[in-house]
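# Structural description and commentary
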Amino acid sequence: MVFHRFHIDTQEAPERYPHPSRFRVRVKKLRLLFMVAEELLHLRGPGRVQVALSRPCVYGVFGRPVGGLAPIHEKCVGCLRCTTQYPHVVQIVPNPQRQNLGDAYLNPDWVDTIMLEARTGRVPVRGAGYRGPFGGQGWDGMWTDMSEIVRPTRDGIHGREYISTLVDIGEKPAFLNLDAGGQITGPKPKTFSMEVPFFYDLPPANAPRRVLQTLVEAAARVDSLAFVPLSQVLRYGLAGPQVVPVVSPGQETSLQRLTFTPRLVELSSWDAGLFAHVQKLFPQAVVPVRLPAAQDLWPLFTQGVRVFHLEANYHGQAGESFLGERLRAVHDALVRKGVREEVTLLGSGGIVQAEHVPKAIICGLDAVGLDTALWVALQARFYGQCRERSQAQVRFPRFPVPWGVQRLTNLAAAWRDQLLEVLGAMGLREVRRLRGEVGRCMFQAEAEREAFAGIPVVEPPAPARDGEARKQLPQPVQWAPVVWVRRAGHPSLTGGTLEERIVAKHRHALHRGFALWPQLPFRPPALGDARWTADLILSGWYQAQHGCPPEEHLEYRVGRSGGGFDLLDFAFLPPDQWLPEDVPIDTSIPLNRRPYDPQIVIPIPWYGAGMSFGSVSEQVMLARAMVAKAWNTFTSTGEGGYPDALIPYARHVNTQVATGMFGVREETIARAPIVEFKYAQGAKPGLGGHLLGDKATVAVAKMRESVPWVSLFSPFPFHSVYSVEDHKKHVDWIKAINPEALISVKVSTPTDVDMVAVGSYYAGAHIVHLDGSYGGTGAAPEIAKKNIALPIELAIPKVHRFLLAEGIRDQLVIMASGGIRTAYDIAKAIALGADGCILGTAELIALGCTRCSNCERGRGCPFGLTTTDPELSLLVDPEWGAQRLSNLYESYRKQLVQILRRLGLKSVRELRGRTDLLVYKGGHRREA
Ligand code: SF4
């Protein structure tokens, strides 16, 4: 017998009807014509016309012969390079048509994700970390766990080790009675299996035949089930093992007209007579009963029901509770009564994203019902709120069934792959082990209660984020005043090759835009997100320009994620108790708290995060190394090797040893003051790294000792480390090569991150580097960014307190990263228990990043940051970059000094763990 791994074949299935583009490109045509004319007049030398006509968009928005006069909106990815360079000519605005997609629960971003998945069958991957709210109600308030070091399952999604998503549906007796011959004499299990833990739930009542056929055929393709009302099964002649007739009281006689023997016949509501009738008619069939999720199951269990289908409304609401809470209660009750293994729980309502599937299973389901997400994939339109099942208004377009089947198959493949990501990160080999594993999940309310214990809540909860804000009408676009090329000057455009002149033109325009935008009284309409607001990005540009925080017109301290750092604040002393300006404030921290090995002290409590050659350009690496040297702190090579250009800065360049071992050599370890072991990273906890083939240029491949233009995977985890003892061997290996090196251990933030930190200490680490889940500069699966592992705000106090309790806090340095955006975030992280922080995205912002998340797309970052494209890389001049970063550091230092002064502290070291100096501004947390 040949064993076949289950696999879902995908195929591109583009939308049949136009899907609104994400952005609209607005161009002031007259200004554009004047600008080009002026450039033509002003520029001299060969290639003048090409330089004047060269366009800032690398995605082809201005690719028509008439360029900006007829932009191609569909190609715009919102990188904002054009409007950054020419704010008086181009504006990018979010397309208001997209605000009408979905409804208050199924928001436009989720619609977008479903469309991508249905079109391609791929896992959505984007750069630049997580962009959304900190947490929230329902599924948003949960994070799944990951297994930091000891992990049996590796690279499941890439197929190297099989992870099963098979689930069993049906009823099982509590135990088996066997006779002397080993034959079962008592009740037997009545189950069947399907390869995916989700099924296609009832379509809306007005769904036409093509929709029903699509659901049934797609369910057959992915070995799932399609639930269809009995009347429609009969009317359209649907048949097959994947068809689940849903029968209502009064339809007993119709059941006999079925032309096939179903595996499952569902009762639309409880009816004892109908239940007995169906069991008698189809003795082999499993008979679930559909119930409101808020209903008590026990009375029906005592009447013989073993398969329950718990139904919430389309927004996941089950009476007063959210479906997840209700499922936990039901699952717990069945466990306490000792009958959970006899029962199958199906559930549906509000499952609209891939991450909802594992979360619902963790809460207690065996299999998860899909509904509105399927309809979105088929390009159905919602009219009004699609909330209550009986009132939802949904219209399906015309489409051929094969197209619909492919779309739903693609969606299933993408969701299954994302389930594999979650299972792989947790170290689980099969989804059946996930059911009810609430211990492998972190709930926001509980995690905050623990992490922020003792921090007073000073304001009532902030109003819930939801569709209201995004439904606001778009503001009229405001235009920057005209800044003519000639007036601003173009000193570098008279010499060099044509390419150099083109780059010089764009670089100059970019620098001008970075300086101008933060001073305008309005923001670029498409800039920013909940975590990195437009204000935070613009204030980053401002600080990089001026070396101080901006005026009050930009909020430079907090974002609007609705949680974590954004709701924490300092309880400053009254002004008359602030330390006077002439009292010196010490912002230095030690990086080695052990009594042996080099005693390294950095004058500011932060250094630069690892960003590999390949994920960023050499110019960016150089700029970061220069500023590290200037400030006597550090930067890191990341895991892509150690370019020779960094050797002059070697005393300030840490090197990374990650699971792929790319570019790891004895000489690079020997020259590093700090060697970082990267066990995991916050942007993709429990998953390996992935450098796309397009970015593995000849130079990058040489550095990594790999083949050019071939994608590179860093596996997860280290395949040589399964214990603290193995971990110690790693440390000993480094110390044998470089006895002077400090050892930093970079880990993600699972639920047992405190134990991981202790293990790292006993393995010999000097620094434990906690990388929270919301940060990251490289590309990562979207499902990993939000849903796996803890945000850094919740991980720091957990580790700090545990190390204190273990009596080793003063021998280990905690450095925090992953979502550190501002000087205030640094100070809050230290108050929560870190010694210092590690900066990644904040540095890229200073160099011009707009957080557009296109780092892995096409030629890479259009601003020349996360790219290996030779031309784009030249947009960042290392000296210019180093000066920007230095200014940012200076601004952060000034703010940190002011924070300490207002708290009455003379040293940043006194701030560590001082949660008593923090207050919490509402949110979801409740005092214990
Ligand atoms: S690094 Fe570049 S591509 Fe990536 S988010 Fe920033 S601006 Fe966009």
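Rules used in this analysis
Residues numbered from 1 in each chain as written. Predicted model: local features only at pLDDT ≥ 70, side-chain atom pairs only at ≥ 80, totals over all residues. Heavy atoms only, no water. Helix = DSSP H or I, 4+ residues; strand = E, 2+ residues; numbered from the N terminus. Rg over C-alpha atoms; globule rule 2.2 N^0.38 Å. Buried < 20%, exposed > 50% of the residue type's maximum accessible area, 1.4 Å probe, protein only. Contact = heavy atoms within 4.5 Å. Areas by Shrake-Rupley, 256 points an atom, 1.4 Å probe, with all protein chains shown as cover. Phe/Tyr/Trp six-rings, centres within 6.5 Å; stacked < 30°, edge-to-face > 60°. Lys NZ or Arg CZ within 6 Å of the ring centre and 35° of its normal. Expected span 1.5 Å × (residues − 1). 1 Å grid on protein atoms, 1.4 Å probe; cavity = no way out; pocket = protein on both sides within 12 Å on 5 of 7 lines; lining within 4 Å. Points joined across faces, edges and corners; volume = space filled by probe spheres on them. Nonpolar A, V, L, I, M, F, W, Y, C, P; charged D, E, K, R; others polar. Pairing = 2+ DSSP bridges. Axes fitted to C-alpha atoms, helices over the stretch in contact; angles between N-to-C directions. Near = heavy atom within 4 Å. Sits in = over half its atoms within 2 Å of the grid points. Polar contact = N/O pair within 3.5 Å; in protein donor to acceptor, adjacent residues only side chain to side chain. Salt bridge = Lys/Arg side-chain N within 4 Å of Asp/Glu carboxyl O. Domains from an automatic or database assignment. Core = buried A, V, L, I, M, F, W, Y, C linked by side-chain atoms within 4.5 Å. UniProt positions renumbered as here; feature names shortened; annotations may be inferred. Arc of directions from axis to C-beta. Right-handed = clockwise from strand over helix to strand, strands pointing away.

An unreviewed UniProt entry annotates the protein chain as Glutamate synthase domain-containing protein originating from Thermoanaerobaculum aquaticum.

Helix and strand counts for the protein chain come out as 29 helices and 34 strands. Taking 30 Å as the expected radius of gyration for a compact globule of 928 residues, we find that the protein chain reaches 29 Å, a close match to that expectation. Over its C-alpha atoms, taken along the principal directions, the protein chain stretches across nearly 90 × 70 × 60 Å. For the protein chain, the proportion of its 928 residues judged to be buried stands at 62%. Residue pairs at least 24 apart in sequence account for 72% of intrachain contacts in the protein chain once pairs closer than 6 positions are excluded. Of the roughly 34,400 Å² that the protein chain leaves accessible, carbon and sulfur atoms contribute 53%.

A separate point is the packing of aromatic side chains. For the coordinates displayed, the defined rule picks out 24 aromatic pairs. Considering the side-chain rings of F134 and W143, the 6.0 Å spacing of their centres and the 75° angle between planes classify their relative orientation as edge-to-face. As far as the burial class goes, F134 and W143 line up, both buried. A connected cluster of aromatic rings, assembled from ring pairs, spans Y130, F134, W143 and Y774. Here the basic side chain of R395 rests over the ring of Y383, its NZ or CZ set 4.7 Å away from the ring centre.

For the rest of this paragraph, the subject is helix α29 (residues 878-903). The first and last C-alpha atoms of α29 sit 37 Å apart over 26 residues, in line with the 38 Å expected at 1.5 Å per residue. The buried fraction of α29 amounts to 19 of the 26 residues, a majority that puts the element mostly inside the structure. After α29 finishes, the residue G904 shows a positive phi value of roughly 75°.

A complete count under the given rule lists eight cavities of 30 Å³ or more for this structure. Its volume calculated, the largest cavity comes out at about 580 Å³. G610, Q681, G776, T777 and G778 are the residues nearest the centre of the largest cavity, which is lined by 42 residues in total. Contributions of two or more residues to the lining of the largest cavity are made by β27 (689-691), β28 (712-714), β30 (767-771), β33 (836-839) and α27 (841-846). Looking at the lining of the largest cavity, the element that brings in the most residues is β27, giving three residues. Here the residues of the lining of the largest cavity sort into 13 nonpolar, 19 polar and ten charged. Approximately 120 Å³ is the volume attributed to the second largest cavity. What lines the second largest cavity is a set of 16 residues, and nearest its centre among them are A128, C849, C855, C861 and T866. Class assignment of the residues belonging to the lining of the second largest cavity gives a composition of nine nonpolar, six polar and one charged.

Another aspect to go through is the sheet that holds strand β29 (residues 742-747). The strands that make up a sheet pair up through hydrogen bonds in the backbone, lying either parallel or antiparallel. With parallel pairing, eight strands are arranged side by side in an open sheet as β23-β33-β32-β30-β29-β26-β25-β24. For this open sheet the edge positions go to β23 (606-608) and β24 (635-636), each flanked by a neighbour on one side alone. By the bridge criterion, four bridges tie β29 to β30 in an arrangement that is parallel. Within β30, the residue paired with V745 across the bridge is V768. Together, β30 and β32 (813-817) form the strand contacts of helix α25 (residues 792-806), whose direction differs from that of β32 by roughly 170°.

In the vicinity of the ligand, the contacting residues are A128, C849, T850, R851, C852, S853, N854, C855, C861, P862, F863 and T866. Because more than half of its atoms lie within 2 Å of the grid, the ligand is assigned to the second largest cavity.

The next thing to look at is the side chain of R809. Mapped onto the elements, R809 comes out in the loop between α25 and β32. Polar contacts involving the side chain of R809 include one to the side chain of H800, which spans 2.9 Å. A polar atom in the side chain of R809 sits 2.8 Å from the backbone oxygen of G833.

Once that is clear, we can look at the pattern of salt bridges. Throughout the structure, instances matching the rule amount to 46 salt bridges. For D869, the salt bridge identified is with R859, shortest N-O distance 2.9 Å. You can see D869 sitting in the loop between α27 and α28 (870-873) and its partner R859 sitting in the loop between α27 and α28, a full ten residues away along the chain. Its relative accessible area of 14% is what places D869 among the buried residues. It is possible to trace a salt-bridge network through shared partners that takes in D201, E266, R290, E311, D371 and R389.

This part is about the domain arrangement of the protein chain. By the assigned domains, the protein chain splits into domain 1 (21-96), domain 2 (139-208 + 216-221 + 268-451) and domain 3 (564-920). Centre-to-centre, using C-alpha coordinates, domain 1 lies 49 Å away from domain 2.

What follows covers the nonpolar core. The biggest cluster of nonpolar side chains holds 161 residues, and the ones touching the most others in it are I92, F570, L591, L865 and L911. Take this core: its biggest share by element is eleven residues, from α29. Discounting chain neighbours no more than four positions away, the residues touching L591 are I600, I602, Y607, F634, I674, L742, H766, I767, V813 and M815. Residues I8, F275, V286 and V343 belong to the second largest nonpolar core, which totals 131 residues.

The next point concerns the UniProt feature "domain: Glutamate synthase" (unreviewed entry) in the protein chain. What UniProt calls "domain: Glutamate synthase" (unreviewed entry) maps, in this numbering, to residues 327-386 and 598-905. From the first C-alpha to the last, residues 598-905 spans 27 Å; its make-up is 38% helix and 15% strand.

Before going further, it helps to examine helix α8 (residues 272-281). Buried within α8 are the following residues: L274, F275 and V278. For α8, the arc enclosing every buried residue in end-on projection is 105°, short of the 170-degree limit, so these residues lie on one face. Of the surrounding secondary structure, the elements contacted by the buried residues of α8 are β9 (243-247), α7 (252-255), β10 (266-267) and β11 (289-292).

A word on the pairing of β33. Moving residue by residue along a regular strand, the side chains alternate between the two faces of the sheet. Here β33 shows a buried face lined by G836 and I838 and a second buried face lined by C837 and L839. Pairing geometry for β23 and β33, over three bridges, is parallel. The residue bridging G608 from the neighbouring strand is L839, located in β33. The sheet contact formed by β32 and β33 spans two bridges and is parallel. Its bridge partner lying in β33, M815 is registered against G836. On the question of chirality, the crossover connecting β32 to the parallel β33 by way of helix α26 (residues 823-832) is right-handed.

Okay, unusual backbone geometry next. Its identity is not glycine, yet D597 carries a phi of approximately 70°, on the positive side. By the element assignment, D597 lies in the loop between β21 (589-590) and β22 (601-602). Of note in the backbone geometry, W709 takes a positive phi value of approximately 65° without being a glycine.

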